[in-house]
Amino acid sequence: MTDAHAAGILPCQTIESLIAQEAITSQTPFDRDQVQPASLDLRLGVRCWRVRASFLPGVSRRVPDRLKDVAMHELDLSKGAVLEKGCVYIAEIQERLALPANVAARGNPKSSTGRVDVFVRLLSDHSKAFDDIEAGYEGPLYIEIAPQTFSVLVRAGTRLNQLRLKRGDPVKLAIRSVGVDLTPGDTGIVGFRGRRHAGVVDLDHEDGHDPRDFWEPLETRHGELLLDPGEFYILASKDDVEIPVMEAAEMTPIDPSVGEFRVHYAGFFDPGFGTEEAGAVGSKGVLEVRSHETPFLLEDGQTVARLVYEPLTERPARLYGEGGSHYQRQGLKLSKHFKAWR
């Protein structure tokens, strides 16, 4: 598909055109690396509120209208602030939308956010659902932030989520099952479990944390892993993941009939991930796994998620990993905030 007016996910050059047309604006100049091959990184603004409950504004209200009912105190992110695990926050996003009538958007956590178990959702005025932005929306954006395992240090400009824009109603090209790899490699490690009483993770400090202070390595016997309720795990996919250059994908949570756990907070995979064309054959999908109310015995190769593939409106001007990426050609890998496991 090469028709730039067809239904599909918008590539980077179209996103940049929307920025030039001021359909997407920002409180501060855009960063040079903010536009990804098929998504736009969103940045925290200065204002953030600790809230006593999550909420949706509903069709008749704006986000600030509901904030008055649930806000406990305000934080200034210009100098940085620690967001405590177990608490819920609402923050302003620097970017603002004035979308064309035929362009909608969807938010999702960035991979690095999901891998430290920070649950985030996009909010907009008059919204009936998290993360989904209706076609033609004009207004500000907000983000709900709920650290689960680690308290985190953030600042104005920190990127926690990303925006994928689409024209029309793209067809689903394929839906593929994703299995989990519980076969020990050279290290004998099949995954990691987050330590409950670790320190603060600075979300703007790459390679700045000793992983042993935050993670417990996991080994398996007989290709099985027992997931404990309330614990957070990092695992890897059994098979390599490849996203063709004319497609984008989203990893979706499984339904309860597949297992009592949730996989993958960060669902977007950009075109070129794991492809020969991008020089990245052999890239695994890293799975962020949280068990629910009951212990669950996970088996090697068991299906834990689905990958949904959709077309792009045209070939992206650049592919995932061009210019460098922490996660291209990845195997089992912690987020970029941590030094390599040794």
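Cut-offs and rules
Residues numbered from 1 in each chain as written. Predicted model: local features only at pLDDT ≥ 70, side-chain atom pairs only at ≥ 80, totals over all residues. Heavy atoms only, no water. Core = buried A, V, L, I, M, F, W, Y, C linked by side-chain atoms within 4.5 Å. Buried < 20%, exposed > 50% of the residue type's maximum accessible area, 1.4 Å probe, protein only. Domains from an automatic or database assignment. Contact = heavy atoms within 4.5 Å. 1 Å grid on protein atoms, 1.4 Å probe; cavity = no way out; pocket = protein on both sides within 12 Å on 5 of 7 lines; lining within 4 Å. Points joined across faces, edges and corners; volume = space filled by probe spheres on them. Nonpolar A, V, L, I, M, F, W, Y, C, P; charged D, E, K, R; others polar. Helix = DSSP H or I, 4+ residues; strand = E, 2+ residues; numbered from the N terminus. Pairing = 2+ DSSP bridges. Phe/Tyr/Trp six-rings, centres within 6.5 Å; stacked < 30°, edge-to-face > 60°.

The name an unreviewed UniProt entry assigns to the protein chain is 2'-deoxycytidine 5'-triphosphate deaminase, from the organism Caulobacter zeae.

Draft legend 1. Fine view of the nonpolar core. Ranked by internal contacts, the top residues of the largest apolar core, which has 50 residues, are L44, I145, L165 and W215. Here this core gathers at least three residues from each of two domains, domain 1 (8-167) and domain 2 (174-311). Contact partners of L165, with chain neighbours within four places excluded, come to G8, I9, L10, I15, L18, I24, L99, V103, A104 and A105. Of all hydrophobic cores here, the second largest spans 25 residues; its members include L182, L218, L225 and Y309.

Draft legend 2. Expanded view of the layout of surface pockets. Considering only enclosed or pocket space, the second largest pocket measures out at about 490 Å³ in volume. Surrounding the second largest pocket, 20 residues form its lining, T187, F192, G331, L332 and K333 being those nearest its centre. When grouped by side-chain class, the residues that make up the lining of the second largest pocket number nine nonpolar, five polar and six charged.

Draft legend 3. A look at the pairing of strand β11 (residues 138-147). Across the ten residues of β11, eight count as buried, placing the element largely inside the fold. Across seven bridges, the pairing between strand β7 (residues 88-98) and β11 is antiparallel. Paired with L97 across the bridge in β11 is G139. Taken together, the seven bridges between strand β9 (residues 118-124) and β11 define a ladder with antiparallel strand orientation. In the strand pairing of β11, L122 is matched with I143.

Draft legend 4. Up close: the packing of aromatic side chains. Considering all chains together, one arrives at eight aromatic pairs under this definition. A centroid spacing of 5.3 Å and a plane angle of 75° characterise the contact between F150 and W215, whose relative ring orientation is edge-to-face. Of the two residues, F150 sits in the loop between β11 and β12 (152-154) while W215 sits in strand β17 (residues 215-218), which places them 65 residues apart along the sequence. Exposure remark for W215: the relative accessible area of 0% places this residue in the buried category. Seen from their ring centres, W215 and F338 are 5.9 Å apart, and the 80° between their planes marks the pair as edge-to-face. With W215 in strand β17 and F338 in the segment after β25 (303-311), this residue pair connects regions lying 123 residues apart in the sequence.

Draft legend 5. Quick look at unusual backbone geometry. With a phi close to 65°, E22 is a non-glycine residue in the positive phi region. With respect to the helices and strands, E22 occurs in the loop between α1 (12-20) and β2 (24-26).

Draft legend 6. Representation of the sheet that holds β12 within the structure. Strands sit in the order β6-β12-β16 across an open sheet of three strands; the sheet is mixed. Each edge of the sheet is formed by a strand with only one pairing partner; in this case those strands are β6 (81-83) and β16 (201-202). Bridge analysis of β12 against β16 gives two bridges, and the strand direction is parallel. Directly across from V152, in β16, lies its bridge partner V201.

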